[in-house]
Amino acid sequence: MEPQVLEGLLTRAEAADVISFDVFDTLFVRPLCDPEDLFDIMGARFGIVDFRQKRRAAQVRAFQTMHANGLKEITLEGIYTSFDQLPVPAQELMQAELQLELALTLPNPELIDIYVELVGRKTVVITSDMYLPRSFFDALLAKNGVPAVPLFISSERNATKRDSGELFDALIRETGTPAANILHIGDNELSDIKRAAQKGLKTFHYVDPRRTALPAARSVSASIAHALPRVFPKPMVANSFESLGFNVGGPAAFGFLRWIRQMARRDHVDTVLFTSRDGYVLERLERQNDGGDMPSFAYFKASRTALTLAATDETNFEARMSFLLSGADDLSAIELLERIGVTPPADHVMDDLGLGRDVRLTPATIDRFRSFLWACRWTILKTCRDCRAGLFSYLQTLGVRSGMRIAMVDVGWNGTTQEAFHEALKGLFDVELFGYYLCLTDQMECRRRRGFLRMDALVSAESAGAQVAERVYANRVAVELFFSAPHASVIGYAFDHAGEVVVVEDRGRGETAGLADFSEAITRGIECYGAYASALYDQIGLEPDPFEAISPLLVFAQAPDSTARALLSRVTNFDAWASSRNRSMRLDEYLV
């Protein structure tokens, strides 16, 4: 709630003798895009495919019976006596709905503290149009540690706000307070504002921008993914990296991790390697989990660069030239060596070669750069040999042994890192290698690799449609930021003076101020989401659909909004491989 809006509410509350709160979508909210998504959870739990439609029809019949009997409100019991034949006893379903409502109806973090503060100083009541029984509201307040107050519930009173405002008449009468001295706070323009005003009450129209921004979700998992931020008890600072991590990265990591578990079970994997930097937050989330069924796992400090170097020797060096020159526009020859962990010659030597720091790689200079790399091949190959030996020792420390089934986790996009790992493993370990990706493209190189590598993706043209998958790939740099780690890119392995393997990192060559802080903030948001979502799903007894659970990321990737773009514009030189002292790249420049 904006500060000025909050101030206006508090000012009106101070002037009132009695403050009345609506419940649903006001004092309490649900982590659902549509309240009726709850019926789909019921249907999934009891195996009733069309339960939402049956539940709607029963409610319509309950209203018809209500009118026929001269009543003014329906009840939950009346709804369940109006069902057609069901495969489960109606009483059992009714109790299950009550318990599910209780689990999913949670304090609104924007209003609950105001309510608690006012209860201590003012006469506060709850006024709600709802078919649920009074006992539900008593249990709701008690479960959430919310102070109990007088309740005006339409199902108990046989009077409503929405029709003629008779519930407000009961409120005025029983509190003995003139209508003009009562403030009613609610979200519904008709029942909470128009009807209350007609009865002479003061009103405050609570508008939750988080609700108005919710899409029409196509599944329960997508509904929860989009709406869960409404109920998180400690809202993130708006327009922050932490909130971006919570709202977008959180659902993405949560759903992706659930899918990885499913794939690891299917493939009987012995060890899952969460490859850096993409696997950083996934590995941390899995360590938070206390009831999952992931096999052994580890954070694997590796990269396409490190693994390609480990797989490079004198027999394939020439073929690696395109890799060494990839993404190198505007880089100097010195930077080409730095980004693979090779110490370049002294500046005066490079100047004599006509390849000083101010000479950039362009179409006009590429042949000179290629000749330079060829001339440096023995120095580069020594680094490659050290990298290969280091990789072997490092994998041993991670528990990798021949005969194992190993899964490497990567965000995407064409399987280049997996192919590099596949090549590097030759002669080191004889393992079955699987690749688990958030997204794979339909490009020729990806199709080629899928012909000989085991590669699966949560998002692909087959699962999401070509247009969605292509858009995720188009905004891949922003997507990668959600899975990045607060450490520099891994580019190789070496041994220290004690003979212990150490990871070689590349901090890049451009301005990267705040990059680690941004990554840590995003990771905090993702971890908060992951823990909260896991607890919620456990409480309601539902297994999330991984693809539907990542829906906020897919929406983000289709069209990053102006707020996200402004935030991402603060991230510079995120891609260490392509970074250069000769220019600076903002992350938002990669967005489409």
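Residues numbered from 1 in each chain as written. Predicted model: local features only at pLDDT ≥ 70, side-chain atom pairs only at ≥ 80, totals over all residues. Heavy atoms only, no water.

### Describing the packing of aromatic side chains
- Taken as a whole and assessed by the stated rule, the structure comprises 25 aromatic pairs.
- Arranged with centres 6.2 Å apart and planes meeting at 75 degrees, the rings of Phe24 and Phe137 form a pair that is edge-to-face. Taken together, the residues Phe24 in the loop between strand 1 (18-21) and strand 2 (28-29) and Phe137 in helix 7 (residues 134-143) connect sequence positions 113 residues apart. Comparing Phe24 with Phe137, the two get one shared label, buried.
- Both rings, one in Phe51 and one in Phe83, keep their centres 5.8 Å apart while their planes meet at 20 degrees; by these two values the pair is stacked. With a gap of 32 residues between them, Phe51 in helix 3 (residues 51-68) and Phe83 in the loop between helix 4 (76-80) and helix 5 (90-104) connect regions that are remote in the sequence. One exposure class covers both Phe51 and Phe83, and it is buried.
- Taken together, the ring pairs connect Phe232, Phe246, Phe254, Tyr529, Tyr532 and Tyr537 into an aromatic cluster.
- Over the aromatic face of Trp577 sits the side chain of Arg339, whose NZ or CZ is 3.6 Å from the ring centroid.
- Directly above the aromatic system of Tyr473 lies the positively charged group of Arg476, at a separation of 4.1 Å from the ring centroid. (Phe/Tyr/Trp six-rings, centres within 6.5 Å; stacked < 30°, edge-to-face > 60°. Helix = DSSP H or I, 4+ residues; strand = E, 2+ residues; numbered from the N terminus. Buried < 20%, exposed > 50% of the residue type's maximum accessible area, 1.4 Å probe, protein only. Lys NZ or Arg CZ within 6 Å of the ring centre and 35° of its normal.)

### As for the sheet that holds strand 11 (residues 432-439)
- Read across the sheet, 5 strands follow the order 9-8-10-11-12 without closing on themselves; strand pairing throughout is parallel. A single partner strand is all that each edge strand has here, and the edge strands are strand 9 (296-300) and strand 12 (454-459). Adjacent strand axes in the sheet meet at a mean angle of 20 degrees, parallel and antiparallel pairs treated alike.
- Pairing of strand 11 with strand 12 involves 5 bridges; the strand directions are parallel. Within strand 12, the position partnered with Phe434 by the bridge is Arg454.
- Packing of helix 13 (residues 241-266) onto the sheet brings it into contact with strand 8 (271-275), strand 10 (405-410), strand 11 and strand 12, and relative to strand 11 it is tilted by some 155 degrees.
- Set on the sheet, helix 14 (residues 280-288) makes contact with strand 8, strand 9 and strand 10; between it and strand 9 the angle comes to about 145 degrees. (Pairing = 2+ DSSP bridges. Axes fitted to C-alpha atoms, helices over the stretch in contact; angles between N-to-C directions. Contact = heavy atoms within 4.5 Å.)

### Brief notes about the packing of helix 2 (residues 37-46) against helix 5
- With their axes 10 Å apart at the nearest point, helix 2 and helix 5 run at an angle of 130 degrees to one another. Relative to helix 5, the element helix 2 lies oblique. As for the relative orientation of helix 2 and helix 5, their crossing is right-handed in sense. Here helix 2 contributes Leu38, Phe39, Ile41, Met42, Arg45 and Phe46 to the contact with helix 5, which in turn contributes Glu92, Leu93, Ala96, Glu97, Leu100, Glu101 and Leu104. (Parallel < 35°, antiparallel > 145°, perpendicular 65-115°, else oblique. Left-handed = near helix turned anticlockwise from the far one by under 90°.)

### Concerning unusual backbone geometry
- Along the chain, Ser276 connects to Arg277 via a cis peptide bond; the corresponding omega equals -5 degrees.
- Relative to the helices and strands, Arg277 resides in the loop between strand 8 and helix 14.
- In this structure, Asp25 takes a positive phi of about 70 degrees despite not being glycine.
- Secondary-structure assignment places Asp25 in the loop between strand 1 and strand 2.
- In the Ramachandran plot, Asn239 falls in the positive-phi region, its phi being about 55 degrees despite a non-glycine side chain.
- As for its position among the elements, Asn239 is in the loop between helix 12 (220-227) and helix 13.
- Asn239 sits in the exposed class, given a relative accessible area of 54%.

Read these as layout, nothing more, since geometry by itself doesn't imply function.
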